[in-house]
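Observations on chain architecture
Each chain is listed here by its residues.
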Amino acid sequence: MGASISPPAGACLVTGCAGFVGGHLTEALLALGAEVVGVDNLSSGRRENMEGFLNHPKFHFLKRDILETDWLDEARRTLPYFRCVFHLAAVVSVAYSMNHETETLETNYKASIELYNQTVNDGARSFVFAGSAAEYGDEACLPIKEEYADNRTIQLSPYGRSKYLASRHIIEAGVGCSLRCFNIYGPRQDPSSPYSGVISRFLLQAARQESLTILGAGDQTRDFIYVSDVVRAYLLAAGLGPAADKPLVGAFNVGSGGRLSIQELASAVNKITGNPAGMTHLPPRPGDVLHSLADVSKLERATGFKTQTTLETGLKETWRAQGSPGE
Ligand SMILES: NC(=O)c1ccc[n+]([C@@H]2O[C@H](COP(=O)([O-])OP(=O)(O)OC[C@H]3O[C@@H](n4cnc5c(N)ncnc54)[C@H](O)[C@@H]3O)[C@@H](O)[C@H]2O)c1
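Below or above, wherever it landed, is the structure these notes cover. This is a predicted model, so every value here is computed, not measured.

A separate point is the pairing of strand β6 (residues 177-181). In terms of residue burial, β6 counts as a mostly covered element, since five of its five residues are buried. Two strands pair when backbone bridges link them, and strand β5 (residues 126-132) and β6 are joined in this way by five bridges, in the parallel orientation. Across the sheet, the residue bridging to Ala130 is Leu179, located in β6. Between β5 and its parallel partner β6, the chain crosses via helix α5 (residues 158-173), and the hand of that crossover is right-handed. Strand direction decides the pairing type here: β6 and strand β11 (residues 250-254), joined by five bridges, are parallel.

Structure follows, in structure tokens:
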């Protein structure tokens with residue numbers, strides 16, 4: 001994690017702790033010596049993501065739904081005060097959100113605001129919300145700056161809208177921050193979901209020695225960031241970096257600041273995995289944005305954040321963790 005991150009001076013609450021990012025974040029907090037209450041309803045998360053820490057003496061798991069009214073009381077009975085709150089639990093599938101608008105708004109917006117208001121009133125020093133690049137809608141002006149998401153922005157899905165509304169509440173309240181992550185990848189990202197990240201899907205296809213399916217021409221570009229870099233951004237945002245005890249306030253993009261086409265990505269995956277099966281093109285998915293690139297200078301200025309993992313290293317790590325066929 002690097003010498004520049006300090007342990008939190010109090011207990012942490014992580015929602016979505018059984019998820020892809022939440023699992024890595026919880027692991028990092030425990031490694032720093034923190035005491036953590038983790039909450040997850042295991043809807044898209046998995047117990048296997050918590051294998052490395054489920055029995056850790058400083059970890060307390062609550063299998064609860066954040067839509068239930070009393071879950072935070074149970075968390076507070078477990079540890080009475082949370083100094084740092086990391087809120088990642090969410091309806092995460094854009095496609096699912098299209099047909100489940102009310103559930104998405106209730107979970108990603110209303111429950112987030114409720115948690116924010118209660119924990120900040122309790123005196124939490126930091127609140128870090130999992131915002132998203134989806135808050136920017138189909139933003140054509142690249143690289144995308146934080147101020148581009150405003151009340152005139154049309155998000156392309158209830159997922160993007162719900163994340164924007166929650167971020168806006170946090171920004172206006174003036175305590176805590178929203179990290180608008182771009183495309184995260186790394187070990188333990190679930191490849192089985194049809195809506196999961198393109199890298200985990202490509203690696204699964206490579207493991208089966210199948211051709212990689214590219215939606216559209218493959219010239220669409222994305223800003224990919226490795227999960228351990230994202231975890232470091234979360235810890236810095238909570239004020240655990242060199243500017244210790246200065247948690248971030250506002251919205252911050254989290255990305256690599258570079259972009260890669262899906263075609264280039266597919267070539268890199270086939271090269272690293274030795275997959276001989278090539279690529280197949282399918283029709284583009286309606287509603288997918290063509291290009292995406294984060295301007296990460298605001299986070300850099302505030303925390304000194306720089307990504308540490310190159311795409312090549314990140315892909316190799318993810319491939320190694322996932323295992324190739326026969327392993
Ligand atoms: N993965 C990405 O590329 C990416 C990019 C931008 C933002 N994000 C945001 O980061 C966060 C983590 O994403 P992830 O990729 O780890 O997804 P994930 O699905 O692996 O993790 C989300 C976790 O929240 C839990 N959850 C969902 N609804 C819940 C509820 N009602 N009560 C309790 N727990 C609930 C799920 O079971 C899951 O473990 C999400 O908020 C997501 O929107 C992710």
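Summarising the element assignment, Thr119 is placed in helix α4 (residues 101-121). Once you skip the residues sitting within four places of it in the chain, Thr119 turns out to touch Leu72, Val85, Ala124 and Phe127.

A word on the site of the ligand. In the vicinity of the ligand, 27 residues are found, and the nearest of them are Asp40, Ser44, Leu88, Tyr159 and Lys163. Between an oxygen atom of the ligand and a main-chain N or O atom of Val21, the distance comes to 2.8 Å. At 2.6 Å, a side-chain N or O of Tyr159 approaches an oxygen atom of the ligand. Isolated, the ligand exposes 820 Å² of accessible area, and the fraction of that covered by the protein chains is 91%. Elements with a minimum of two residues in the shell around the ligand: α1 (20-31), β5 and α5. The leading source of residues in the shell around the ligand is β5, at three residues. Grouping the constituent residues of the shell around the ligand by class yields 14 nonpolar, nine polar and four charged.

Applying the stated criterion across every chain, the model contains 14 salt bridges. A salt bridge links Glu74 to Arg64, with the shortest nitrogen-to-oxygen separation between them at 2.4 Å. Of this pair, Glu74 sits in helix α2 (residues 71-78) while Arg64 sits in the loop between β3 (59-62) and α2, and the two are ten residues apart along the sequence. Residue Glu74 is classed as partly exposed on the basis of its relative accessible area, which comes to 26%. For Arg64, a relative accessible area of 15% puts it in the buried group. Salt-bridge contacts for Glu312 lead to Lys316; the nearest nitrogen and oxygen are separated by 2.9 Å. Of this pair, Glu312 and Lys316 both sit in helix α10 (residues 311-322), four residues apart, which is roughly one turn of that helix. By relative accessible area, which is 48% here, Glu312 ends up partly exposed. Here Lys316 falls in the partly exposed class, since its relative accessible area comes to 43%.

Our next topic: the sheet that holds strand β2 (residues 36-39). On the basis of which strands lie adjacent, the open sheet formed by seven strands has the order β3-β2-β1-β4-β5-β6-β11 and parallel pairing. At either end of the open sheet lies a strand with only one pairing partner, and these are β3 and β11. Neighbouring strand axes in the sheet, compared pairwise and without regard to direction, differ in orientation by 20 degrees on average. Along the sheet, α1 makes contact with β1 (12-15), β2, β3 and β4 (84-87), crossing β1 at roughly 165 degrees.

Going through the model one piece at a time under the given rule, you end up with six aromatic pairs. Pairwise contacts between aromatic rings join Phe53, Phe59 and Phe61 into one cluster. Over the ring of Phe252 we find Lys298; its NZ or CZ atom is 4.5 Å from the centre of that ring.

Contact geometry for helix α8 (residues 262-273) and α10: axes closest at 10 Å, N-to-C directions at 55 degrees. With respect to α10, the axis of α8 lies oblique. The crossing of α8 and α10 is right-handed. The residues of α10 that touch α8, namely those facing Leu265, Ala268, Val269, Ile272 and Thr273, are Glu312, Leu315, Lys316 and Trp319. A breakdown of the residues in the contact of α8 with α10 according to their chemical character gives six nonpolar, one polar and two charged.

We now examine the side chain of Glu146. In this structure, Glu146 sits in the loop between β5 and α5. Despite its burial, Glu146 remains without a salt bridge, the nearest opposite charge being carried by Lys298 at 5.3 Å. Once residues lying within four places of it in the same chain are set aside, the contact partners of Glu146 are Tyr136, Arg180, Ala251, Phe252, Asn253, Asp295 and Lys298.

Okay, the state of the cysteines next. A full pass over the atoms with the stated rule returns zero disulfides. A disulfide-free cysteine, Cys181 has its sulfur positioned 10 Å from the sulfur of Cys177, the nearest such atom. Note on Cys181: relative accessible area 7%, which makes it buried.

Conventions and cut-offs
- Residues numbered from 1 in each chain as written.
- Predicted model: local features only at pLDDT ≥ 70, side-chain atom pairs only at ≥ 80, totals over all residues.
- Heavy atoms only, no water.
- Buried < 20%, exposed > 50% of the residue type's maximum accessible area, 1.4 Å probe, protein only.
- Helix = DSSP H or I, 4+ residues; strand = E, 2+ residues; numbered from the N terminus.
- Pairing = 2+ DSSP bridges.
- Right-handed = clockwise from strand over helix to strand, strands pointing away.
- Contact = heavy atoms within 4.5 Å.
- Near = heavy atom within 4 Å.
- Polar contact = N/O pair within 3.5 Å; in protein donor to acceptor, adjacent residues only side chain to side chain.
- Areas by Shrake-Rupley, 256 points an atom, 1.4 Å probe, with all protein chains shown as cover.
- Nonpolar A, V, L, I, M, F, W, Y, C, P; charged D, E, K, R; others polar.
- Salt bridge = Lys/Arg side-chain N within 4 Å of Asp/Glu carboxyl O.
- Axes fitted to C-alpha atoms, helices over the stretch in contact; angles between N-to-C directions.
- Phe/Tyr/Trp six-rings, centres within 6.5 Å; stacked < 30°, edge-to-face > 60°.
- Lys NZ or Arg CZ within 6 Å of the ring centre and 35° of its normal.
- Parallel < 35°, antiparallel > 145°, perpendicular 65-115°, else oblique.
- Left-handed = near helix turned anticlockwise from the far one by under 90°.
- Lys, Arg positive; Asp, Glu negative; His and termini not counted.
- Disulfide = S-S within 2.5 Å.

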